[in-house]
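Single-letter residue listing:
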Amino acid sequence: MERTFAMIKPDATERGLAGKIISRIEEEGFNIVGMRLVRMTKAEAEGFYAVHKERPFFGDLTSFMSSGKTVVLALERDNAIKHWRDVMGATNPADADEGTLRKEFAESIERNSTHGSDAPDTAAFELGYWFPGVALNAG
Ligand code: IDP
Ligand code: MG
């Protein structure tokens, strides 16, 4: 069993899509091991997305992420990291495949409804950032 970190971003909570996205998480066979509603501060968003701090969209992204409610989740499944990335689809909804969450729900490349860790090292950092004590691998 592997764990990954996921978020339902403010554009989705704002439109009342959290329930639909959580249903999809359950349908995909993930065990939800942690879930919390947060209203992140700009500083928390900057810390979380520190890997992107040199990117031109960093300021907009961290403003967006601190503009509303986010559901943070720790998810467990076999092949959790890759499976959740596949369920989300491409970063830009214009490039996302049919049947993916971002194809169905994302408003733009920035307001793209969901987040998922992209590798074991980022999953470990991101899980620990929002769920202290929750590790990458199930005990
Ligand atoms: P990912 O979320 O698919 O892993 P990343 O490249 O890690 O994509 O980017 C993190 C987040 O930053 C994206 O989900 C999106 O919200 C935002 N983002 C990425 N690229 C752009 C861009 O070119 N313009 C505006 N926002 C972007
Ligand atoms: Mg990423």
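J.: Mind showing me how you'd approach the pairing of strand β1 (residues 2-8) here?
T.: Regular strands have side chains that alternate between both faces of the sheet. The buried count for β1 comes to six of seven residues, which makes it a mostly enclosed element. Relative to strand β3 (residues 70-77), β1 runs antiparallel, the two sharing seven bridges. Along β3, the bridge assignment pairs T4 with L75. With three bridges joining them, β1 and strand β4 (residues 114-116) adopt antiparallel strand pairing. The partner of M7 across the bridge, within β4, is H115.

J.: Which parts of the structure should I look at to understand the sheet that holds strand β2 (residues 31-38)?
T.: Backbone-to-backbone hydrogen bonds join strands into a sheet, with any given pair of strands oriented parallel or antiparallel. Read across the sheet, four strands follow the order β2-β3-β1-β4 without closing on themselves; strand pairing throughout is antiparallel. Two strands in the sheet have a free side with no partner beyond their single neighbour: β2 and β4. Within this sheet the neighbouring strands show an average axis-to-axis angle of 20 degrees, counted without direction. Running at roughly 30 degrees to β1, helix α5 (residues 80-88) makes contact with β1, β3 and β4 of the sheet.

J.: How should the side chain of H115 be read in this particular structure?
T.: Secondary-structure assignment places H115 in strand β4. Setting aside chain neighbours within four positions, we find H115 in contact with F5, A6, M7, K9, F48, Y49, W84, M88, R102 and E126.

J.: Any chance you could explain the site of ligand 1 here in plain terms?
T.: Within the structure, ligand 1 sits among K9, H52, F57, L61, R85, T91, R102, I109, E110 and N112. Separating an oxygen atom of ligand 1 from a backbone N or O atom of E110 is a distance of 2.8 Å. The fraction of the free accessible surface of ligand 1 (530 Å²) that becomes covered by protein chains is 80%. A class-by-class count of the residues in the shell around ligand 1 yields three nonpolar, three polar and four charged.

J.: Would you mind going over the environment of H52 with me for this structure?
T.: Relative to the assigned elements, H52 resides in the loop between α3 (42-48) and α4 (58-65). Contact partners of H52, with chain neighbours within four places excluded, come to F57 and F58.

J.: How should I be thinking about the nonpolar core in this particular structure?
T.: Side chains that are nonpolar tend, in soluble globular proteins, to be buried together. Ranked by size, the top nonpolar core spans 19 residues in total, and within it F5, M7, M40, Y49, M65, V72 and W130 carry the most contacts. Going through the elements one at a time, β1, α3, α4, β3 and α7 (120-130) are the ones with two or more residues in this core. A per-element tally of this core places α4 first, with four residues. Residues in contact with Y49, not counting those within four places in the same chain, are M7, K9, F58, L61, M65 and H115. Core analysis: the next-biggest nonpolar cluster, separate from the first, contains 18 residues, F30, A80, W84 and V87 among them.

J.: Looking at this model, I keep getting lost on the pattern of salt bridges. Mind explaining?
T.: Any two side chains of opposite charge can pair, given that their charged atoms come close. Counted under the stated rule, the structure contains nine salt bridges. R111 is the partner of E14 in a salt bridge, and the nearest nitrogen-oxygen pair spans 3.0 Å. In this pair, E14 sits in helix α1 (residues 10-14) while R111 sits in the loop between α6 (101-105) and β4, placing the two residues 97 residues apart along the sequence. For R111, a relative accessible area of 25% puts it in the partly exposed group. Notably, a salt bridge pairs K82 with D86, separated by 2.7 Å at the nearest N-O pair.

Rules behind the numbers
- Residues numbered from 1 in each chain as written.
- Chains lettered and ligands numbered in written order.
- Predicted model: local features only at pLDDT ≥ 70, side-chain atom pairs only at ≥ 80, totals over all residues.
- Heavy atoms only, no water.
- Buried < 20%, exposed > 50% of the residue type's maximum accessible area, 1.4 Å probe, protein only.
- Helix = DSSP H or I, 4+ residues; strand = E, 2+ residues; numbered from the N terminus.
- Pairing = 2+ DSSP bridges.
- Axes fitted to C-alpha atoms, helices over the stretch in contact; angles between N-to-C directions.
- Contact = heavy atoms within 4.5 Å.
- Near = heavy atom within 4 Å.
- Polar contact = N/O pair within 3.5 Å; in protein donor to acceptor, adjacent residues only side chain to side chain.
- Areas by Shrake-Rupley, 256 points an atom, 1.4 Å probe, with all protein chains shown as cover.
- Nonpolar A, V, L, I, M, F, W, Y, C, P; charged D, E, K, R; others polar.
- Core = buried A, V, L, I, M, F, W, Y, C linked by side-chain atoms within 4.5 Å.
- Salt bridge = Lys/Arg side-chain N within 4 Å of Asp/Glu carboxyl O.

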